[in-house]
Amino acid sequence: MTIDWNLIDTVLLDMDGTLLDRHFDDHFWLEHVPSAWSRKHRVPLHEAKPMLYDMFRSQERTLNWTDLDYWSDRLGLDIPLLKVEVDHLIAVHPGVIEFLTFLRQSGKETWLVTNAHSKTLDLKMRKTRITGYFNGIISAHDLGLPKEETAFWGKLREKIPYNPERTILGEDSETNLGTARAYGIRYLVYVSRFSSSITPEPSKEYHSIHYFTELLPPVAQASLNKTITP
Ligand SMILES: [Mg+2]
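Along each chain, numbering runs from 1 in the same order as the chain's sequence is written. With the structure being a predicted model, the display of local features is reserved for residues of pLDDT at least 70 and the display and counting of side-chain atom pairs for 80 or more, all residues being used for whole-chain, interface and lining totals. Side-chain measures here rest on the full set of heavy atoms in the structure, leaving out hydrogens and waters.

**Observations concerning the pairing of strand 2 (residues 109-114)**
Next, step 1: Each residue is assigned to one of three classes by its accessible area relative to the maximum for its type, calculated with a 1.4 Å probe on protein chains only: buried under 20%, partly exposed between the two thresholds, exposed over 50%. Under the scheme used here, helices are H or I runs from DSSP no shorter than 4 residues and strands are E runs no shorter than 2 residues, and both carry numbers assigned from the N terminus. Burial analysis of strand 2 places five of its six residues in the buried class, which makes it a mostly covered element.
Next, step 2: Between any two strands, at least two bridges found by DSSP are needed for them to pair. One ladder, built from four bridges, connects strand 1 (residues 10-13) with strand 2; its direction is parallel. For Leu-12, the partnering residue across the bridge sits in strand 2 and is Trp-111.
Next, step 3: Here four bridges tie strand 2 to strand 3 (residues 136-139), and the two strands are oriented parallel to one another. By the bridge assignment, Val-113 is partnered in strand 3 with Ile-138.
Next, step 4: A right-handed crossover is one whose linking path, passing over the helix from the first strand to the second, runs clockwise when the strands point away from the viewer. Regarding the hand of the β-α-β motif, the stretch spanning strand 2, helix 6 (residues 118-128) and strand 3 is right-handed.

**Notes on the nonpolar core**
Looking at soluble globular proteins, one finds that nonpolar side chains tend to be buried together.
Next, step 1: Definition used in this section: a nonpolar core is a set of buried Ala, Val, Leu, Ile, Met, Phe, Trp, Tyr and Cys residues joined via side-chain atoms within 4.5 Å. Residues Trp-5, Leu-75 and Ile-79 are the most contacted members of the largest nonpolar core, which totals 50 residues.
Next, step 2: The leading source of residues in this core is helix 1 (residues 23-41), at six residues.
Next, step 3: Both of domain 1 (5-21 + 91-222) and domain 2 (24-88) provide at least three residues apiece to this core.
Next, step 4: One finds Leu-63, Trp-153, Ala-180 and Ile-185 within the second-largest nonpolar core, a separate group that totals 21 residues. Domains are outlined according to an automatic or database domain assignment.

**A word on the domain arrangement of the chain**
Next, step 1: Partitioning the chain into domains gives domain 1 (5-21 + 91-222) and domain 2 (24-88).
Next, step 2: Taking only C-alpha atoms into account, the centre of domain 1 sits 26 Å from that of domain 2.
Next, step 3: Counting residues at the interface gives 18 residues for domain 1 and 15 residues for domain 2.
Next, step 4: Take the accessible area each of two parts loses on contact, using a 1.4 Å probe, and add the two losses: that sum is the buried area. Roughly 1,400 Å² is buried in total at the junction of domain 1 and domain 2, and carbon and sulfur atoms are behind 58% of that figure.
Next, step 5: Any carboxyl oxygen of Asp or Glu that lies within 4 Å of a side-chain nitrogen of Lys or Arg is treated as forming a salt bridge with it. Across the domain 1-domain 2 interface, the total number found is three salt bridges.
Next, step 6: Polar contacts, as used here, are pairs of N or O atoms within 3.5 Å; protein pairs need one atom able to donate a hydrogen and one able to accept it. Residues neighboring in sequence count only if both atoms are side-chain atoms. Summed over the shared surface of domain 1 and domain 2, the number is seven residue pairs in polar contact (both at pLDDT 80 or more). Should any heavy atoms of two residues lie within 4.5 Å, those residues are considered in contact.

**Quick notes on the pattern of salt bridges**
Next, step 1: Scanning the model with the defined rule gives 13 salt bridges in all.
Next, step 2: Note that Arg-22 and Asp-26 form a salt bridge whose closest N and O atoms lie 3.5 Å from each other.
Next, step 3: Where salt bridges share partners, they join Asp-14, Lys-147 and Glu-171 into one cluster.

**Quick word on the coordination of the magnesium ion**
Next, step 1: Sites may look incomplete, because water is not among the atoms used; the donor set itself consists of N, O and S atoms within 2.8 Å of the metal (3.2 Å for Na, K and Ca). Around the magnesium ion, the protein supplies Asp-14 (OD), Asp-16 (O) and Asp-172 (OD) as donor atoms, at distances of 2.1 to 2.2 Å.
Next, step 2: For the magnesium ion, all donor residues lie on one chain, and their spacing in sequence is D-x1-D-x155-D. Here Asp-172 lies in the loop between strand 4 (167-171) and helix 9 (174-183) and Asp-16 lies in the loop between strand 1 and helix 1, a separation of 156 residues in the sequence.

**Notes on helix 1**
Next, step 1: The length a helix should cover is 1.5 Å for every residue beyond the first. Here helix 1 is 19 residues long and its end C-alpha atoms lie 26 Å apart, about the 27 Å a rise of 1.5 Å per residue gives.
Next, step 2: What we call the bend at a residue is the angle made by axes fitted to the seven residues finishing there and the seven residues starting there. The principal kink in helix 1, of about 35 degrees, is found at Trp-29.
Next, step 3: Taken as a whole, helix 1 has its buried residues at Phe-24, Asp-25, Phe-28, Trp-29, His-32, Val-33, Pro-34, Ala-36, Trp-37 and Ser-38.
Next, step 4: Of the residues trailing helix 1, Arg-42 is marked for its positive phi of about 50 degrees.

**Here we look at the layout of surface pockets**
Next, step 1: Cavities and pockets are defined on a 1 Å grid built over the protein atoms alone: a cavity is a set of grid points where a 1.4 Å probe fits but cannot escape, while a pocket is an open set with protein on both sides within 12 Å along at least five of seven lines, and lining residues are those with an atom within 4 Å of any such point. Grid points are joined across faces, edges and corners, and a volume is the space filled by probe spheres set on the points. For the largest pocket, the calculated volume is near 960 Å³.
Next, step 2: Residue lining of the largest pocket: 31 residues in total, with Arg-22, Asp-26, Trp-65, Thr-66 and Glu-148 positioned closest to the centre.
Next, step 3: When residues of the lining of the largest pocket are traced back to their parent elements, those giving at least two are helix 1, helix 2 (45-57), helix 3 (68-75) and helix 9.
Next, step 4: Examining the composition of the lining of the largest pocket, we find that four residues originate from one element, helix 1, more than from any other.
Next, step 5: Of the residues assigned to the lining of the largest pocket, the class counts are 10 nonpolar, seven polar and 14 charged.
Next, step 6: For the lining of the largest pocket, the domains that each give at least three residues are domain 1 (5-21 + 91-222) and domain 2 (24-88). Classification used: nonpolar for Ala, Val, Leu, Ile, Met, Phe, Trp, Tyr, Cys and Pro, charged for Asp, Glu, Lys and Arg, polar for all others including Gly.

**Quick notes on helix 5 (residues 96-105)**
Next, step 1: Taken residue by residue, helix 5 has Val-96, Phe-99, Leu-100, Phe-102 and Leu-103 as its buried positions. The arc that holds the buried residues of helix 5, viewed along the axis, is 155 degrees, so those residues lie on one side. Looking at helix 5, the residues exposed on the side facing more than 90 degrees away from the buried face are Arg-104 and Gln-105.
Next, step 2: Contacts made by the buried residues of helix 5 are with strand 1 and strand 2.
Next, step 3: Immediately downstream of helix 5, the backbone of Gly-107 shows phi near 70 degrees, a positive value. An arc is given here, and it is the one of the directions from the helix axis to the C-beta atoms.

In structure tokens:
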């Protein structure tokens, strides 16, 4: 897909998996939290894992899923502190800074729109220092709805007066792309390489990319290649 950037005013970008490597989140929830929980509650790890995975799944597509206070209470662990323990795994995907720089230079309204909880957001923005590239950051917790609900995208317009016909959304969740499409957001991009530790598979429904540099206009791509190979 070649994007005609003249037709786009607003760029909405998800955080985890889209701009940042989801390896951090997958490792955190699937390995780090179960080990801490098994130590604290003296349950063998091989028993703790399926119990916790079931608990996580029970909150999928709700705001609890990303609510660190909810999980701290439910698991009896200091989840924000545990995150700090593995924060060296927080990383920006390759090509993201180049893409964000292009968006800023071309004057696009660029918003980070995430289900992430404010405590996760704080930690990740501190580690990655990408806040300055955005007009603003919207957490689903402030709107009271997760992106998995079609109504989210309407409610978002109370915060950002965007025109869905002239908006592009980048996401690593096909569910969220689906609700955005149902609402009427015109340009939808699926990030298939959401984690550095998976083999990417393209979406059957949406235009898929590995890296955001694939969306840059040819001129910008050419100048990028020139800076990489002088
Ligand atoms: Mg995501």
